[in-house]
Structures are given as structure tokens and as C-alpha cells.
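Coordinate analysis (summary)
Here's the letter readout for the chains.
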Amino acid sequence: MKALGLIEVRGMVPAVEALDSALKAANVNRLDVVKVGGGLVSVLIEGDVGAVRAAVDAAQAAAEKIGTVISTHVIPRPAEDVTQMITPNPDPQPIISEQLEDNHDETAEAEQPEDSSEVTEEVKEEPAEQKKGKLAYIPDVEEMKAMTVDKLRALARKLEITNMTRKEIRFANKTELIERILEFLEKENK
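An account of the accompanying structure is given in this report. (Residues numbered from 1 in each chain as written. Predicted model: local features only at pLDDT ≥ 70, side-chain atom pairs only at ≥ 80, totals over all residues. Heavy atoms only, no water.)

Details of the pairing of strand β3 (residues 40–47)
Across the eight residues of β3, seven count as buried, placing the element largely inside the fold. With eight bridges connecting them, strand β1 (residues 3–10) and β3 associate as antiparallel partners. Pairing of I7 across the sheet is with V43, part of β3. Counting the residues between successive antiparallel strands, the hairpin from strand β2 (residues 28–37) to β3 contains two residues, one of them, G38, with a positive phi of roughly 65°. (Buried < 20%, exposed > 50% of the residue type's maximum accessible area, 1.4 Å probe, protein only. Helix = DSSP H or I, 4+ residues; strand = E, 2+ residues; numbered from the N terminus. Pairing = 2+ DSSP bridges.)

Here we look at the sheet that holds β1
Overall, antiparallel pairing links the four strands, which are arranged β2-β3-β1-β4 in an open sheet. Each edge of the open sheet carries a strand with a single partner, namely β2 and β4 (68–76). Shown here is a sheet whose adjacent strand axes are inclined to one another by a mean of 15°, direction ignored. The sheet strands contacting helix α1 (residues 12–25) are β1, β2 and β3, and the helix crosses β2 at an angle near 165°. With respect to the sheet, helix α2 (residues 49–66) is in contact with β1, β2, β3 and β4, its orientation differing from that of β4 by roughly 180°. (Axes fitted to C-alpha atoms, helices over the stretch in contact; angles between N-to-C directions. Contact = heavy atoms within 4.5 Å.)

What to know about the packing of helix α8 (residues 149–159) against helix α10 (residues 174–189)
Remark: α8 packs on α10, axes separated minimally by 10 Å, with the N-to-C direction vectors making an angle of 25°. Comparing their axes, α10 and α8 come out roughly parallel. Along this stretch, α8 crosses α10, giving a crossing that reads as left-handed. On α10, the residues touching V149, L152, R153, L155, A156 and L159 of α8 are K174, L177, I178, I181, F184 and L185. For the contact of α8 with α10, the per-class residue count stands at ten nonpolar, no polar and two charged. (Parallel < 35°, antiparallel > 145°, perpendicular 65-115°, else oblique. Left-handed = near helix turned anticlockwise from the far one by under 90°. Nonpolar A, V, L, I, M, F, W, Y, C, P; charged D, E, K, R; others polar.)

Observations regarding the nonpolar core
Ranked by size, the top nonpolar core spans 20 residues in total, and within it I7, V9, V28, I45 and V52 carry the most contacts. In terms of residue count, the dominant contributor to this core is α2 (six residues). Non-local contacts of I7, meaning those with residues more than four positions away in its chain, are made with A18, V41, S42, V43, I45, V56, A59, S71 and T72. I169, I178, I181 and F184 belong to the second-largest nonpolar core, a separate cluster that totals 15 residues. (Core = buried A, V, L, I, M, F, W, Y, C linked by side-chain atoms within 4.5 Å.)

Comments concerning the pattern of salt bridges
Taken as a whole and assessed by the stated rule, the structure comprises four salt bridges. Taking the shortest distance from any N to any O, the salt bridge between K2 and D48 comes out at 3.2 Å. With K2 in the segment before β1 and D48 in the loop between β3 and α2, this residue pair connects regions lying 46 residues apart in the sequence. Residue classification places K2 among the exposed residues on the basis of a relative accessible area of 52%. The partner of E142 in a salt bridge is K145, and the shortest N-O contact between them spans 3.9 Å. Taken together, the residues span about one helical turn, with E142 and K145 both in helix α7 (residues 141–146) at a distance of three residues. (Salt bridge = Lys/Arg side-chain N within 4 Å of Asp/Glu carboxyl O.)

Structural notes on the environment of I66
Counting through the fold element by element, I66 comes out in helix α2. Separated by 52 residues in the primary sequence, I66 and P14 have C-alpha atoms spaced 6.2 Å apart. Residues in contact with I66, not counting those within four places in the same chain, are V13, P14 and E17.

Comments concerning a negative patch on the surface
Taken together, the side chains of E168, E176, E179, E183 and E186 define an acidic patch exposed on the protein surface. By residue number, the principal contributor to the negative patch is α10, which donates four residues. Here E168 is to be found in helix α9 (residues 166–171). On the accessibility criterion, E168 (38% relative accessible area) is partly exposed. (Patch = residues over 30% accessible without salt bridge, like charges linked within 9 Å, V, L, I, M, F, W, Y side chains within 5 Å. Areas by Shrake-Rupley, 256 points an atom, 1.4 Å probe, with all protein chains shown as cover. Lys, Arg positive; Asp, Glu negative; His and termini not counted. Charge placed at Lys NZ, Arg CZ, Asp CG, Glu CD.)

If you want it as C-alpha cells, here you go:
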């Protein structure tokens, strides 16, 4: 990679506009478009240093016309580790809670080798109750506290909790999600 260009904007529409302008302005290639979260989207391009600088400038000007540009940056000749960092993982681990049963078993985690290339996953048929939106294993409070907000949101959706709307789940923080999931589970067990 000769140069890396980064354009971070608020919203997908300015990101599309930025990428379109960058690709039309100079001889560059799209590396990735990353939804960072909170409405932020990063557009990554590569090419010759001069072309990337011109493309980033054009992208910034175009995106500012229709939205908010958070930042732009050009890295000439990025280090190899940077290149590996931004290369999409061909086999990403799912972040949804359908793997909860595997996540709660600490002994299984301890037995796995550190080199992920040695790990082999076997495909298992989901239990019938999981397919219907119910989980075979419900994590306890401590396990929920260790989960990310995204996994808690996925858990709430998978459980089909009735004390929160999908919109409330989407914007809830970790504490609120745990409280509402526990309330729902307590109500279900009565």
C-alpha cells in the first residue's frame, strides 16, 4: 500500500458522497467503509500519495456540502501492522448472542489454543426452542455484566422481551438492558 486515506463523516449519505467524489477525483481504490457507531462512518481509500491527498480533499469538500465531516487524514506508506489492522477479517466472529452457551463455559475458553488458526468449530444444529426465539441457556447477572452492550441488545431481542420496544433496546445502556432483561425473566418464571 502506497498511501492510506481516511475520511470520517456523520451518516451514511455523506459517506457515500465522499467515496464517490474520492473515486472520481483521482486514481484510488476503496479499501473499506466502516460503520464506527453512533452514526459515524469511516471511508478508507488507497493509492499513490498524491492521488490519495487529492481524493481526500475532494471527498471532504463533497461531504461537507450535505453533512458533517468529522476528520480526514492521509498516511503515506503506512506500516505493515496498520495494513493488517484495516484489512477486513475474512472469518469474523459473530457478535450476536447465539453463541451464549459457548461464552459462559470458562473451561472451554481456557482449553482453546492461543493460535486461532488451530481452532476448529463444529457446526451444531440449534435446539428447537432456540429457533423459536428462546435460548437454551440464559446468562446470570455476572455474565450479563461481562457482556458488551451489543451482546445484551442481541440477547434482549432473542428473548423477545416484552417490557421494552425494539427502539428502546436499540438506545438502552448496559445497566438498563440488564435490569429490563432480569425483570422480564423474573416475570416469565412466575
